[in-house]
Amino acid sequence: MHAKTPVLVMVFLTFFPVLTAAQQTSAADISREDINAVLAIMGRSIDHQLRVVDIGVGNVGVGILHRTGDHDSDGELRGMVHTQLSEVYYILSGGGTLLTGGEIANATEPSPDRVVGPTFGGDSRNGRIRELSAGDIVVIPAGVLHGWMLIPDQVTYLSIRPDPHGVLPTGYVHPEIN
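A brief report on the enclosed structure follows. A quick note: this is a predicted structure, and the numbers were derived from the prediction, not measured.

Rules of the game
- Residues numbered from 1 in each chain as written.
- Predicted model: local features only at pLDDT ≥ 70, side-chain atom pairs only at ≥ 80, totals over all residues.
- Heavy atoms only, no water.
- Helix = DSSP H or I, 4+ residues; strand = E, 2+ residues; numbered from the N terminus.
- Buried < 20%, exposed > 50% of the residue type's maximum accessible area, 1.4 Å probe, protein only.
- Contact = heavy atoms within 4.5 Å.
- Areas by Shrake-Rupley, 256 points an atom, 1.4 Å probe, with all protein chains shown as cover.
- Arc of directions from axis to C-beta.
- Phe/Tyr/Trp six-rings, centres within 6.5 Å; stacked < 30°, edge-to-face > 60°.
- Salt bridge = Lys/Arg side-chain N within 4 Å of Asp/Glu carboxyl O.
- Pairing = 2+ DSSP bridges.
- Core = buried A, V, L, I, M, F, W, Y, C linked by side-chain atoms within 4.5 Å.

1. What to know about the overall build of the chain
Right, on to step 1. Along its length, the chain carries 2 helices and 10 strands.
Right, on to step 2. Secondary structure of the chain in N-to-C order comes out as α-α-β-β-β-β-β-β-β-β-β-β.
Right, on to step 3. Looking at the chain residue by residue over its 178 residues, the buried ones come to 42%.
Right, on to step 4. Excluding contacts between residues fewer than 6 apart, the proportion of contacts in the chain whose partners are at least 24 apart in sequence is 78%.
Right, on to step 5. With an accessible surface of roughly 9600 Å², the chain has 55% of that area assigned to carbon and sulfur atoms.

Spelled out as structure tokens, the structure:
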């Protein structure tokens, strides 16, 4: 757990100026029951936004993701790039092999995405490969390629999405927890 302390401090220091500038008067909650309710109806979809909260200077989205081996790249060095959103993954259960960064080759045309904003795909040259499991955290800045190369069983994780550009729909609450 102590190895994750520098990452948590970095996340706090990154968002502290935004949070203090926001001057909001209330907080937003997402309960374990909310998360479980959305997980129960996910079906074949792998990514559901739970809430998008206005923090005064942009938004923060919180999503729940569940992937199986059917949702990995079968070991290929490819992934996606969100051009305007960073993501912080917190692995709740399971795990797999995640690729991040590297030089992007064979990039696709950017397309809009209602969950993560403008996104494109590509291959990674010299990206970092690491194993993630329950309790791990990874911070993926906007513009960094990322993708699951191998998921032996399943991986379920929260994605915290700082949105300084207002790409996400402010005030969104998943219908299952509304």
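Now that the structure has been shown, the text picks up again.
2. Let's talk about helix 2 (residues 32-40)
It helps to recall that an α-helix has 3.6 residues per turn; residues three or four apart then point in one direction.
Right, on to step 1. Among the residues of helix 2, Asp34, Ile35 and Val38 are the ones counted as buried. Burial along helix 2 is one-sided: seen end-on, the buried residues are contained in an arc of 100°. Relative to its buried face, helix 2 has exposed residues pointing more than 90 degrees away, namely Arg32, Glu33 and Ala40.

3. Describing the packing of aromatic side chains
Right, on to step 1. By the definition in use, this model includes 2 aromatic pairs.
Right, on to step 2. Measuring from ring centre to ring centre gives 4.5 Å for Tyr89 and Tyr157, while their planes differ by 50°; the resulting arrangement is tilted. Of this pair, Tyr89 sits in strand 4 (residues 87-100) while Tyr157 sits in strand 10 (residues 154-163), and the two are 68 residues apart along the sequence.
Right, on to step 3. The class of Tyr89 is buried, set by a relative accessible area of 3%.
Right, on to step 4. A centroid spacing of 5.6 Å and a plane angle of 50° characterise the contact between Trp148 and Tyr157, whose relative ring orientation is tilted.

4. As for the pattern of salt bridges
Right, on to step 1. On inspection of all chains with the given rule, the structure shows 3 salt bridges.
Right, on to step 2. Two residues, Asp47 and Arg161, come together in a salt bridge whose shortest N-O distance is 2.7 Å. Taken as a pair, Asp47 in strand 1 (residues 47-54) and Arg161 in strand 10 lie far apart in primary sequence, 114 residues in all. Of the two residues examined, Asp47 and Arg161, each falls in the buried class.
Right, on to step 3. Among the charged side chains, a salt-bridge network with shared partners connects Asp47, Glu87 and Arg161.

5. Structural notes on the pairing of strand 10
Right, on to step 1. A large share of strand 10 lies buried, amounting to 9 of its 10 residues.
Right, on to step 2. With 10 bridges connecting them, strand 2 (residues 59-68) and strand 10 associate as antiparallel partners. Looking at strand 10, one finds that Ile64 is bridged to Leu158.
Right, on to step 3. Alignment of strand 4 against strand 10, held across 6 bridges, turns out to be antiparallel. In the sheet register, Tyr89 faces strand 10, and the bridge partner there is Ser159.

6. A few points about the nonpolar core
Right, on to step 1. Membership of the largest hydrophobic core is limited to 11 residues, which are Leu65, Tyr89, Ile91, Leu98, Leu132, Val138, Ile140, Trp148, Ile151, Val155 and Tyr157.
Right, on to step 2. Secondary structure elements with two or more residues in this core: strand 4, strand 8 (137-140) and strand 10.
Right, on to step 3. Look past the residues within four positions of Leu132 in its chain and what remains in contact with it is Ile91, Gly94, Gly95, Gly96, Leu98, Val138 and Trp148.

7. Structural notes on the environment of His82
Right, on to step 1. Here His82 shows up in strand 3 (residues 78-82).
Right, on to step 2. For the pair formed by His82 and Ser111, sequence separation is 29 residues and the distance between their alpha carbons is 9.8 Å.
Right, on to step 3. Beyond its immediate sequence surroundings of up to four residues, His82 is in contact with Glu87, Val116, Pro118, Thr119, Ala142, Gly143 and His146.

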